[in-house]
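Listed below, chain by chain, are the residues.
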Amino acid sequence: DAGITQSPRHKVTETGTPVTLRCHQTENHRYMYWYRQDPGHGLRLIHYSYGVKDTDKGEVSDGYSVSRSKTEDFLLTLESATSSQTSVYFCAIRRQSFNTEAFFGQGTRLTVV
Amino acid sequence: QKEVEQNSGPLSVPEGAIASLNCTYSDRGSQSFFWYRQYSGKSPELIMSIYSNGDKEDGRFTAQLNKASQYVSLLIRDSQPSDSATYLCAVYNNDMRFGAGTRLTVKP
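Attention here is on the structure that accompanies the text. Owing to the predicted nature of the structure, the values given are computational and were not obtained by experimental measurement. Numbering of residues starts from 1 in each chain and follows the order in which that chain's sequence is written. Whichever chain is written first becomes A and whichever ligand is written first becomes 1, with later ones labelled in order. A pLDDT threshold of at least 70 governs which residues receive local features in this predicted model, and a stricter bar of 80 or more applies before side-chain atom pairs are shown or counted, although totals over entire chains, interfaces and linings include all residues. Neither water nor hydrogens contribute to the side-chain values; these are computed over all heavy atoms in the structure.

**Topic: the overall build of chain B**
Moving on, step 1. Helix and strand assignments come from DSSP, with helices taken as H or I runs of at least 4 residues and strands as E runs of at least 2, each series counted from the N terminus. Each helix and strand counted, chain B has zero helices and eleven strands in total.
Moving on, step 2. If you list the helices and strands of chain B from N to C, you get β-β-β-β-β-β-β-β-β-β-β.
Moving on, step 3. Relative to a compact globule of 108 residues, whose C-alpha radius of gyration would be 13 Å, chain B shows 13 Å and is just as compact.
Moving on, step 4. If one aligns the C-alpha atoms of chain B with their principal axes, the spans along those axes are about 40 × 30 × 20 Å.
Moving on, step 5. Each residue is assigned to one of three classes by its accessible area relative to the maximum for its type, calculated with a 1.4 Å probe on protein chains only: buried under 20%, partly exposed between the two thresholds, exposed over 50%. The 108 residues of chain B split such that 45% are buried.
Moving on, step 6. Sequence-distant contacts, at least 24 apart, represent 53% of the contacts inside chain B between residues at least 6 apart.
Moving on, step 7. The method behind every accessible area is Shrake-Rupley, applied with a 1.4 Å probe, and residues are considered shielded solely by the protein chains displayed. When the accessible surface of chain B is totalled, it reaches about 5,100 Å², and 44% of it is carbon and sulfur.
Moving on, step 8. A residue counts as positive if it is Lys or Arg and as negative if it is Asp or Glu; His and the chain ends are not included. By convention, charge coordinates are those of NZ in Lys, CZ in Arg, CG in Asp, or CD in Glu. On chain B, the mean spot of the 11 positive side-chain charges and the mean spot of the 11 negative ones are 3 Å from each other. Taken over C-alpha atoms, the radius of gyration is set against a globule rule of 2.2 Å times the number of residues to the power 0.38. What makes two residues a contact is simply this: any of their non-hydrogen atoms within 4.5 Å.

Here it is as structure tokens:
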């Protein structure tokens, strides 16, 4: 257990509404990531953070924004949810060391109707 | 071209056999390589990491890396039904990219 908590675990929302997913870590890791997982696509990187207020885009960042105002929290916001954003979202952390393994939270299943 | 490619499977092996999972990657600057196992409805869990060319063994698992060929593989010896899962290959260079995964079924 890498001390990662995602909330909510499940959410159903309507098209066009904003949605925020939260990733909370308890071990003061520098690097945090948001991925989405869809059948046939595996895990695709949305955004990542390498420190407070330091974020960068991944391969599928359109329609998403992130914020990291504290080391322990990394928020993912869908500005205006669309059905194509129905997915399972995983947060991951990477420890600040030579070993660059990523450890994952439990995931959030988001359904946009 | 996808950055990390895996055969989606499904790969089916009998119990006790060797399962061989393969992965290729496109970024020659990649530094670190990982195998994750993901059970249905669960989050990925790390099972192997490898950083230099050659083989790395951990119990029934062996990871193999060939940077010249941009190829990573995972061998699972004495496969068990509990090994049935999707195996994800991950490659790190500034960020972590994953393949689509290979679904493995081990039949009793």
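**Looking at the sheet that holds strand β8 (residues 71-76) of chain B**
Residues and elements named next belong to chain B.
Moving on, step 1. Two strands qualify as a pair provided DSSP detects at least 2 bridges between them. Ordered in space as β1-β3-β8-β7-β6, the five strands form an open sheet in which the pairing is antiparallel. The strands lining the two open edges of the sheet, one partner per strand, are β1 (4-6) and β6 (54-58). Each strand of the sheet is rotated relative to its neighbour by a mean of 20°, with strand direction disregarded.
Moving on, step 2. In terms of strand pairing, strand β7 (residues 61-66) meets β8 through six bridges, oriented antiparallel. Residue pairing for β8: Gln64 is matched across the bridge by Ser73. Here an angle of 0 to 180 degrees is reported between the N-to-C directions of two axes, which are lines fitted to C-alpha atoms, with helices fitted over the stretch in contact.

**Digging into the state of the cysteines**
Residue and element names in this part refer to chain B.
Moving on, step 1. Only a pair of cysteine sulfur atoms within 2.5 Å qualifies as a disulfide here. Summed over all chains, the structure comprises two disulfides over all chains.
Moving on, step 2. The disulfide that involves Cys23 links it to Cys89, with 2.0 Å between the sulfurs. Because the torsion about its S-S bond is -70°, the bridge between Cys23 and Cys89 counts as left-handed. Of this pair, Cys23 sits in strand β3 (residues 19-25) while Cys89 sits in strand β9 (residues 85-93), and the two are 66 residues apart along the sequence.
Moving on, step 3. You can call Cys23 buried: its relative accessible area is 1%.

**Considering the side chain of Arg37 of chain B**
Residues and elements named next belong to chain B.
Moving on, step 1. Inspection of the secondary structure assignment puts Arg37 in strand β4 (residues 32-38).
Moving on, step 2. Judged by relative accessible area, which is 15%, Arg37 ranks as buried.
Moving on, step 3. Separated by 3.4 Å, the side chains of Arg37 and Tyr39 make a polar contact. Side-chain atoms alone can form a polar contact between residues adjacent in sequence; in general such a contact is a pair of N or O atoms within 3.5 Å, and within protein one must be able to donate a hydrogen while the other accepts it.

**Let's talk about the pattern of salt bridges**
Moving on, step 1. Each reported salt bridge corresponds to a side-chain nitrogen of Lys or Arg within 4 Å of a carboxyl oxygen of Asp or Glu. Counted under the stated rule, the structure contains ten salt bridges over all chains.
Moving on, step 2. Glu59 of chain A is the salt-bridge partner of Arg97 of chain B, the closest N and O atoms lying 3.9 Å from each other. Placement of the pair is Arg97 of chain B in strand β10 (residues 95-98) and Glu59 of chain A in the loop between β6 (54-57) and β7 (64-70), with the two residues belonging to separate chains.
Moving on, step 3. By relative accessible area, Arg97 of chain B is classed as buried at 14%.

**A word on the environment of Gly16 of chain A**
Moving on, step 1. Here Gly16 of chain A shows up in the loop between β2 (10-13) and β3 (19-25).
Moving on, step 2. C-alpha of Gly16 of chain A to C-alpha of Trp34 of chain A: the two residues are 18 residues apart in sequence and 21 Å apart in space.

Any functional reading would require information that these geometric values do not contain.
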